[in-house]
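Survey of secondary and tertiary structure
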Amino acid sequence: MAARLLRKTGEAIKHSPGALRRALTGGNRGKYQMALADAEDPFKVGLSFQVEYVGFETLPNTDEHERTSHSKLCDQVVPRQYKDQAPPFKKLVVIVSDKRLTVFDPTESTASQKVVRIPLYRIAYCGSNTIFNKTFAFIERSRDSQSITVHVLAAESVKKAQTMVRVVAKAFQNVYMEWQAQQKRGKKVRKEVSSGTTESSTTQPEEAASADGGADGGADGGADTEAPAVTQADEDAAEAAAAGLEKLDLTEEEKDKRALHRTFTRRTRRVKKPEVLEVSAGMAEKAAEFDLDEVAQYVDPVDLPAEEQGQIDLA
């Protein structure tokens, strides 16, 4: 009887955005963990973490910085930020979903609340720090790739900082695999159209492929099949398509979709394992082992910003 009641409660939470938001708001960790465990994809619910924002440093994306490993770059920036920025640090919430990192101040009123969204494809690195071991740092590329920003955040424990690294790495992998699956489907349809085996000539433009995904294109979309080869011509086409990006009359979402395609096209050609996000030393194996039960211990139930409730899939 109790087991049946528990399952019904789980189903109610899973299918009720209002119930889930109450679980997030009320701080009832048990219900929130149950909602995460019951969700088909926890990244559609969004994994939230309360942190302190130490500071950031923006650097031009020069040849020198390209040659410097992201890990080494973070190891240089992190101590500077702790030295330059005096505590207490601003408390923020970071939500990792299947599309982006969302950062906001939970203490601000709804009217004045600023919500910063960073698409996952623009994350070049994330990691912890051996000296400041409660640190979670990540590198964000600008959309035009002309600059990079190192963000430094402090978690309440070493384990929580490491968990955030694992969560972001897994989310990035999901986004890349979904993009890869979309490219494969698109090439298959174009091949059928060119050979006359299908009447449909509708395909999804590669430059508009996004991480939003569909029911048939999840994180496993290309895991067991060989990825379509990305040639220099593909990369040149992606670069050309992006050359006049800011001049086009596109929405921010459309620009991000094109930038995502450009970034992942280059990544496929230049990185041995493009689906694997670069993480700090010693974290690669841990990042590959994504255990939701373990991760859920460090997730903080929070009240989502009103505008974000429509951005994150709570259904």
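Scroll up for the structure.
Residues numbered from 1 in each chain as written. Predicted model: local features only at pLDDT ≥ 70, side-chain atom pairs only at ≥ 80, totals over all residues. Heavy atoms only, no water.

**Digging into unusual backbone geometry**
Leaving glycine out, the prevailing phi sign among residues is negative, and the prevailing peptide bond configuration is trans. The linkage connecting Pro87 with the following residue, Pro88, adopts the cis geometry, with an omega of 5 degrees. In this structure, Pro88 sits in the loop between helix H6 (70-84) and strand E2 (90-96). A positive phi angle, near 65 degrees, is found at Ser145, a position not held by glycine. The topology assignment puts Ser145 in the loop between strand E6 (135-141) and strand E7 (147-154). The exposure class assigned to Ser145 is partly exposed, which follows from its relative accessible area of 21%. (Helix = DSSP H or I, 4+ residues; strand = E, 2+ residues; numbered from the N terminus. Buried < 20%, exposed > 50% of the residue type's maximum accessible area, 1.4 Å probe, protein only.)

**Things to note about helix H9 (residues 252-270)**
Its 19 residues give H9 an end-to-end C-alpha distance of 27 Å, which sits within 8% of 27 Å, the value for a rise of 1.5 Å per residue. Those residues of H9 not exposed but buried are Lys255, Asp256, Ala259, Leu260, His261, Arg262, Thr263, Phe264, Thr265, Arg267 and Thr268. (Expected span 1.5 Å × (residues − 1).)

**Remarks on the nonpolar core**
Counting residues in each nonpolar core, the largest one holds 37 residues, and the members touching the most others are Val96 and Leu101. Mapped by element, the contributors of at least two residues to this core are strand E1 (47-60), E2, strand E3 (100-104), strand E5 (123-127), E6, helix H7 (158-195) and H9. For this core, the element with the most residues is H7, which contributes eleven residues. Discounting chain neighbours no more than four positions away, the residues touching Val96 are Phe43, Gly46, Leu47, Phe49, Leu101, Val167, Val168 and Ala171. Core analysis: the second largest hydrophobic core is formed by 15 residues, Val54, Ala137, Ile139 and Val150 among them. (Core = buried A, V, L, I, M, F, W, Y, C linked by side-chain atoms within 4.5 Å. Contact = heavy atoms within 4.5 Å.)

**Thoughts on the packing of aromatic side chains**
Between two aromatic rings, the relevant description is the distance of the centres plus the angle of the planes. Tallied over the full model, the rule gives eight aromatic pairs. Between Trp179 and Phe264, the ring centres sit 5.6 Å apart and the planes meet at 65 degrees, which makes this aromatic pair edge-to-face. Of the two residues, Trp179 is situated in helix H7 and Phe264 in helix H9; the sequence distance between them amounts to 85 residues. In terms of burial, Trp179 and Phe264 fall into one category: buried. (Phe/Tyr/Trp six-rings, centres within 6.5 Å; stacked < 30°, edge-to-face > 60°.)

**Thoughts on the pattern of salt bridges**
Here the structure, examined in full by the defined rule, presents 13 salt bridges. Between Asp98 and Lys99 there is a salt bridge; the shortest N-O distance is 3.3 Å. Of the charged contacts in the structure, one is a salt bridge between Arg122 and Asp256, with a shortest N-O distance of 4.0 Å. On the criterion of sequence distance, the pair formed by Arg122 in the loop between strand E4 (115-119) and E5 and Asp256 in helix H9 is long-range, its members being 134 residues apart. When salt bridges with common partners are traced through the structure, they connect Arg122, Glu140, Arg143 and Asp256 into a single cluster. (Salt bridge = Lys/Arg side-chain N within 4 Å of Asp/Glu carboxyl O.)

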